[in-house]
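# A look at the structure
Single-letter residue listing:
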Amino acid sequence: MPIKLYNTLSNTKENFVPIEEGKVRLYLCGPTVYDLLHIGNFRGAIFFNLVRNWFELSGNEVTYVYNYTDVDDKIIKKANEEGVDATVISERFIAEFEKDFNRLGLKKHTHNPKVTEFMDEIISYVETLVKNDKAYVIDGEVFFSIDNFPEYGKLSNKNLDDLQAGQRVEVDSRKRNPYDFVLWKPSKEGEPHWTSPWGEGRPGWHIECSAMIKSILGNTIDIHGGGIDLIFPHHENEIAQGEGCNCEKYCNYWMHNEFINMKDEKMSKSIGNVITGRSFMDQYHPEILKFLMFSAHYRSVLNMSDDKIHQSISGLRRVYDALSHALVIENTFNESENGKVNKTFAQLLKTSDAKIKKALDDDFNTGETVAAIFEVVRAFNALNLLKKQKDPNSLPTTKAFKEWILKYGDMLALFKEEPTSFLADIDQIMIKEKNIDIAIVEALIKSREEARANKDWAAADVARDELHAMGIDFQETSDGVKWNVKV
Ligand code: AMP
Ligand code: ZN
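Labelled according to an unreviewed UniProt entry, the protein appears under the name Cysteine--tRNA ligase, originating from Halobacteriovorax marinus. In UniProt, the protein has this text filed under Subcellular location (unreviewed entry): "Cytoplasm". Taken from UniProt, the Subunit (unreviewed entry) comment for the protein reads in full: "Monomer."

Printed below as a string of C-alpha cells:
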C-alpha cells in the first residue's frame, strides 16, 4: 500500500510516487533567523520530522533540507537597531535556534543551507529567468513577470483576474503587473549587498528557497512543506520561479500544516500572542510539546489551551507509568526464566502495527497513531505482570512491550526519557502549576496513616477528602503511600 498524502496542488489525497524509487527529496521552509521561534513555528519542524521518519521506516532514503533565511528585512531592521552587522543577528539566532532544536531531540536535517551561502546560485537563477523572458529589469531591480507564466495561481487556486480585481498589494508603477514580485533589489545604505549583473543588491525572499532547492535537491523535488500561510504568495512564487527557470515541474507534492492558534487567533509575533518554544520547554518539557502537536491532525488548527497541555501531560504519564512498571519487572524477574511473550499481547502488537501503518499511510493520522499506542499501554497494564510473580512470560512480554513502545518513540521523538525521572519532572510541573505545598500534602498523608493505624476512620476520611480537594491522587503501596498531582 502506498503512502497517501494530501497534496495542496490538487486539493486531494494522492498516492505518493517518488521521482526516484526508494528516495524522497523533502524541503521545508525554515526560519527567518531574527528572533526565537514560537511554538507555531515549531509545528512544521516537529511534524515533518515524523514525515521523514515514516518514509525512512517505510524503506526510503530521505534527503531533508531545512533552510535558514539569513537575509531578510527583519534581520536588517534588528541589526540597525542594535548597530551591528546583519550577520551578527543571523548567527546569533541560528545558534539560539540550534539550542532549541537540539533540546527538541528531532533528527538532524540532511542539510541546513543558509541563503548567504548560495548567492552565486541565486544570481545565476535570476539570470536564467531574465533570459527565459520570465523576468525583467528596471533600475537595478529584477521582477518576475507573472503574465509570462500562465500557470500562476495553480497552487493557491487564484485566478489572475480575480487577484487584480481585489488586489491589495502596494502598486509600484514600474511593475507590469501588480503581482509581479521581486527577485533581486538594490541594497539601501547600510544593508548587506552582493555584486550582481544588476548592481549591488540582495535577493528577494522567494528566490532564495528556489535556488537552494535547485542546488541541493535538483530541478524537481518530491515534497515541499510549510505552514498554510506560505501557500500564497511564497510557494506560488517558488513554483513560478522553478518552472520558469528549469522548464520542469518544480515539486510533486505540497504539504501544508495548519496553524497553532491562541484563543482562536493565529499565534504570531505581530499579534503578540506567542509562546516561544524555549519558554514552553522551560515551563513544561520538550516531549509535552511534541505530544501536543500529535494530538491534532497536521491539517487541523491546533487551539492551544491549558486543557490541551494537561491532556498531553496525562497521556505521557500513562505511557511513562507503564514504562516505569516495565523497568521494575525487568529488575525483578530473572533472565533464566524461560518464557514466551503472552500470546494475546503479541497478537495485539501486530494488529497495532497494522493500525499505525494504516493511520500514517493515510496522510499522517497522528491521532489514531497515539490511540493505538494507548491501547497497547492499557493491555500491558491489564496483564498486571508484577503481581504474577511466578509467570515466566512476564519478562519476555515486558521486553516486547518496551521494544514496541520505543520503536514508535523513535519515530515520534517521544518516550526518550528515563521513566522515573520523567514522572518526577511531571510531578514537579504540576506541583508548581497548582501551587501545591508539599509539606501540607505530606502532613495530611501522615495524619491519615496515623488515623488508619488507630482505626479512626472518620479522621482518615477527612484527610483523604482534603488531599483530593487539593488535587492529590495517592495509593497505598507496599513501599508506603505514593502520591502525585492530578493533571
Ligand atoms: P515565519 O517566521 O513567520 O516565516 O514562519 C516560519 C514558519 O512557521 C512558516 O512555515 C509558517 O507558516 C509557520 N508558522 C508561523 N506561525 C504559525 C502558527 N501560528 N502555527 C503554525 N505554523 C506557523
Ligand atoms: Zn521557502
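From this point, the narrative continues.
A few words now on the overall build of the protein. Summing up its helical and strand segments, the protein has 16 helices and 16 strands in all. Judged by the C-alpha coordinates and their principal axes, the protein covers about 95 × 50 × 40 Å. A buried classification covers 50% of the 487 residues belonging to the protein. Partitioning the contacts of the protein with sequence separation of at least 6, the portion at a separation of at least 24 is 77%.

Distances from the zinc ion (ligand 2) to its protein donors, namely Cys-29 (SG), Cys-209 (SG) and His-234 (NE2), fall within the range 2.0 to 2.2 Å. On the primary sequence, the residues serving as donors to the zinc ion (ligand 2) are separated as C-x179-C-x24-H. With a gap of 180 residues between them, Cys-29 in the loop between strand S3 (23–28) and helix H1 (39–57) and Cys-209 in helix H6 (residues 205–216) connect regions that are remote in the sequence. Classification of Cys-209 as buried rests on a relative accessible area of 2%.

The next point concerns the side chain of Glu-191. Its place among the elements puts Glu-191 in the loop between strand S7 (181–186) and strand S8 (194–196). Dropping the residues within four chain positions of it, Glu-191 is found in contact with Ile-76 and Arg-202.

Let us look at the domain arrangement of the protein. What the domain assignment lists for the protein is domain 1 (4–257), domain 2 (307–422) and domain 3 (434–485). If you average the C-alpha positions of domain 2 and of domain 3, the two centres end up 30 Å apart.

Below, the discussion takes up the site of ligand 1. In the vicinity of ligand 1, the contacting residues are His-38, Gly-40, Asn-41, Gly-227, Asp-229, Leu-230, Asn-257, Glu-258, Phe-259, Ile-260, Lys-266 and Met-267. Asn-41 is positioned with one of its side-chain polar atoms (N or O) 3.1 Å from an oxygen atom of ligand 1. Between an oxygen atom of ligand 1 and a side-chain N or O atom of Asp-229, the distance comes to 2.3 Å. In the complex, 85% of the free accessible area of ligand 1, which totals 480 Å², lies under the protein chains. A breakdown of the residues in the shell around ligand 1 according to their chemical character gives four nonpolar, five polar and three charged.

This brings us to the sheet that holds strand S14 (residues 302–304). Strand order in the open sheet formed by three strands is S13-S12-S14, and the pairing between neighbours is mixed. Sheet topology places strand S13 (265–266) and S14 at the edges, where each strand pairs with a single neighbour. Note that strand S12 (residues 260–262) and S13 share two bridges and pair antiparallel. For Asn-261, the partnering residue across the bridge sits in S13 and is Lys-266.

A few words now on helix H3 (residues 86–104). Spanning 19 residues, H3 covers 27 Å between terminal C-alpha atoms, matching the ideal 27 Å at 1.5 Å per step. For H3, the complete set of buried residues consists of Ala-86, Ile-89, Ser-90, Phe-93, Ile-94, Glu-96, Phe-97, Asp-100, Phe-101 and Leu-104. Buried residues along H3 sit in contact with H1, strand S4 (61–66), helix H2 (73–82), helix H8 (277–283) and helix H9 (286–294).

Structurally, the α-helix is built with 3.6 residues per turn, so residues lying three or four positions apart point the same way. Between its first and last C-alpha atoms helix H15 (residues 438–453) spans 22 Å; for 16 residues at 1.5 Å apiece the expected length is 22 Å, and the two agree. Every buried residue of H15 is accounted for by Val-441, Leu-444, Ile-445, Arg-448 and Ala-451. Taken down its axis, H15 places every buried residue within 125° of arc, on the same side. Opposite the packed face of H15, turned more than 90 degrees from it, sit the exposed residues Ala-439, Lys-446 and Ala-453. Buried positions along H15 lie against helix H16 (457–469), strand S15 (472–477) and strand S16 (480–485). Here H15 starts with a cap whose side-chain oxygen sits 3.0 Å from the backbone nitrogen of Ala-439, and that cap is Asp-437. One or two steps after H15, the chain reaches Lys-455, where phi turns positive at roughly 55°.

Once that is clear, we can look at the environment of Glu-417. Its place among the elements puts Glu-417 in the loop between helix H13 (394–412) and helix H14 (419–433). Considered as a pair, Glu-417 and Tyr-320 are 97 residues apart in the sequence and their alpha carbons are 8.7 Å apart. The contacts of Glu-417, once residues within four sequence positions are left out, are His-285, Glu-287, Tyr-320 and Phe-422.

If you walk across this open sheet you meet the four strands as S4-S3-S10-S11, and the pairing is parallel. One side of each edge strand has no neighbouring strand; the edge strands of this open sheet are S4 and strand S11 (251–257). Each strand axis lies, on average, 20° off the axis of its neighbour in the sheet, ignoring direction. Here three bridges tie S3 to strand S10 (residues 221–227), and the two strands are oriented parallel to one another. Bridge pairing in S10 links Leu-26 to Ile-223. Strands in contact with H6 are S3, S4 and S10; relative to S3, the strand with the most contacts, it is inclined by about 160°.

Here we come to the pattern of salt bridges. For the structure on display, the rule yields 34 salt bridges. Of the charged contacts in the structure, one is a salt bridge between Arg-448 and Glu-476, with a shortest N-O distance of 3.3 Å. Here Glu-476 lies in strand S15 and Arg-448 lies in helix H15, a separation of 28 residues in the sequence. For Arg-448, a relative accessible area of 9% gives the class buried. One continuous salt-bridge network, built from bridges that share partners, spans Glu-96, Lys-99, Asp-100 and Arg-278.

A word on the packing of aromatic side chains. The full count for this structure, using the stated rule, is 24 aromatic pairs. With a centroid separation of 6.1 Å and an interplanar angle of 15°, the aromatic rings of Phe-42 and Phe-97 are classed as stacked. Note that Phe-42 is positioned in helix H1 and Phe-97 in helix H3, a separation of 55 residues in sequence. Phe-97 carries the same exposure label as Phe-42, and that label is buried. With centroids separated by 6.4 Å and ring planes inclined at 50°, the aromatic side chains of Phe-345 and Phe-401 adopt a geometry described as tilted. With Phe-345 in helix H11 (residues 343–361) and Phe-401 in helix H13, the pair connects residues that are 56 residues apart, well separated along the chain. For the residue pair Phe-345 and Phe-401, the accessibility class agrees, reading buried in each case. By the ring-pair criterion, three or more aromatic residues cluster together here, those being Phe-16, Phe-47, Phe-48, Phe-55, Tyr-253, Tyr-298 and Phe-364.

Calculation criteria
Residues numbered from 1 in each chain as written. Chains lettered and ligands numbered in written order. Predicted model: local features only at pLDDT ≥ 70, side-chain atom pairs only at ≥ 80, totals over all residues. Heavy atoms only, no water. UniProt positions renumbered as here; feature names shortened; annotations may be inferred. Helix = DSSP H or I, 4+ residues; strand = E, 2+ residues; numbered from the N terminus. Buried < 20%, exposed > 50% of the residue type's maximum accessible area, 1.4 Å probe, protein only. Contact = heavy atoms within 4.5 Å. Donors = N, O, S within 2.8 Å, 3.2 Å for Na, K, Ca; no water. Domains from an automatic or database assignment. Near = heavy atom within 4 Å. Polar contact = N/O pair within 3.5 Å; in protein donor to acceptor, adjacent residues only side chain to side chain. Areas by Shrake-Rupley, 256 points an atom, 1.4 Å probe, with all protein chains shown as cover. Nonpolar A, V, L, I, M, F, W, Y, C, P; charged D, E, K, R; others polar. Pairing = 2+ DSSP bridges. Expected span 1.5 Å × (residues − 1). Arc of directions from axis to C-beta. Axes fitted to C-alpha atoms, helices over the stretch in contact; angles between N-to-C directions. Salt bridge = Lys/Arg side-chain N within 4 Å of Asp/Glu carboxyl O. Phe/Tyr/Trp six-rings, centres within 6.5 Å; stacked < 30°, edge-to-face > 60°.

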